Amino acid sequence: MNFSSSSLNFNILPYQEGVKPPVTKPNPAFLTEIGEEGMRDLFRRFYTSLHKSTIKDLFPQSEEEMMIASQHSADFFIQICGGTPYFNQNRGAPQMGRRHAPFAITPEARLHWLVLMEDALQPLVGQISDENMQSFWDYVNVFSIWMINTRE
Ligand code: HEM
């Protein structure tokens, strides 16, 4: 019999209009395991794939700008995992709803975003404990619902 040893589940929570499920921050141990440089690599990979994706038009159009954007996101994720508050230092208060308001984020765009996030995380499966990986996924899975601001 083929029992999987992994309990990791990259499920995607279905979006229900008007419902914003409670958000739990990722385990700080995710940051301890991945390290700051690992987090920056993760977001470089993620933004490189966003740049070639079907939702690329939402994002800055040049590779240079995308690499800067990836660093802002990495700053945020280091901070939300309990690390150095680089985002506050470099960009100010997170206010993610306000910062995403200029971009039309539909339920479908969120799905594409999450699928590319899973792709970017896959090389780390087995290197990061399943428990910490799951807590990171659960955070992006839920919080990405909060970023939806356009119906279709
Ligand atoms: C877990 C959910 C998410 C988090 C924590 C997050 C975080 C961030 C952060 C930190 C920034 C940089 C803001 C700045 O420096 O001023 C940003 C920008 C942006 N995000 Fe998100 N985001 C999320 C979900 C999404 C989704 C689902 C989309 C669209 C499908 C999206 C699209 C964008 C765009 C277009 C920008 C502006 C360009 C950029 O700086 O990257 N985000 N996001």
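This one's a predicted model, so the numbers in the text were calculated from it and none came from an experiment.

Thoughts on the nonpolar core
The biggest cluster of nonpolar side chains holds 22 residues, and the ones touching the most others in it are Leu31, Met39, Phe43, Phe46, Phe77, Ile78 and Cys81. Looking at this core, the elements that each hand over two or more residues are helix H1 (28-51), helix H2 (63-80), helix H5 (107-121) and helix H6 (130-146). Top contributing element to this core by residue count: H1, with nine residues. Dropping the residues within four chain positions of it, isoleucine 78 is found in contact with Leu31, Glu36, Met39, Gly83, Thr84 and Tyr86.

Structural notes on the environment of proline 21
Looking at the secondary structure, you find proline 21 in the segment before H1. Other than its neighbours up to four places away in sequence, proline 21 contacts Leu13, Val142 and Ile145.

Regarding the packing of H1 against H5
Where H1 meets H5, the axes come as close as 9 Å, and the angle between the chain directions of the two elements is 135 degrees. In this view, H1 runs oblique relative to H5, as classed from their interaxial angle. Along this stretch, H1 crosses H5, giving a crossing that reads as right-handed. Between H1, through Leu42, Arg45, Phe46, Ser49 and Leu50, and H5, the contact on the second element is made entirely by Leu116, Met117, Asp119 and Ala120. Looking at side-chain class alone, the contact of H1 with H5 contains six nonpolar, one polar and two charged residues.

Description of the site of the ligand
The local shell around the ligand holds 21 residues, among which Ala69, His72, Phe76, Ala109 and Phe143 are the closest. Broken down by element, the residue count for the shell around the ligand peaks at four residues, all from H2. For the shell around the ligand, the per-class residue count stands at 14 nonpolar, four polar and three charged.

Conventions adopted
- Position labels on residues start from 1 in each chain and follow its written sequence.
- Residue-level local features of this predicted model are given only where pLDDT is at least 70; pairs of side-chain atoms are given and counted only at 80 or more, and the full residue set underlies all totals for whole chains, interfaces and linings.
- The term nonpolar core refers to a group of buried residues, namely Ala, Val, Leu, Ile, Met, Phe, Trp, Tyr and Cys, whose C-beta atoms join them within 7 Å.
- To sort residues by burial, count the other C-beta atoms lying within 10 Å of each one's C-beta; a count of 20 or more means buried, 12 or fewer means exposed, and anything in between means partly exposed. C-beta atoms are built from the backbone.
- By the criteria applied, helices consist of DSSP H or I runs no shorter than four residues and strands consist of E runs no shorter than two, each listed in order from the N terminus.
- Two residues qualify as a contact pair if the distance between their C-beta atoms, derived from the backbone, is within 7 Å.
- Here, axes are lines fitted to C-alpha atoms. For helices the fit covers the stretch in contact, and angles between N-to-C directions go from 0 to 180 degrees.
- Relative orientations are named as follows: roughly parallel for angles under 35 degrees, roughly antiparallel for angles over 145 degrees, roughly perpendicular for angles from 65 to 115 degrees, and oblique for any other angle.
- Crossing chirality is assigned from the near helix's rotation relative to the far helix, an anticlockwise turn below a right angle marking it left-handed and a clockwise turn marking it right-handed.
- Here the nonpolar group is Ala, Val, Leu, Ile, Met, Phe, Trp, Tyr, Cys and Pro; Asp, Glu, Lys and Arg are the charged ones; every other residue, Gly included, is treated as polar.
- As a rule, any residue with its backbone-derived C-beta atom within 6 Å of a molecule or strand is reported as near that molecule or strand.

Read these as spatial facts, not as claims about activity.
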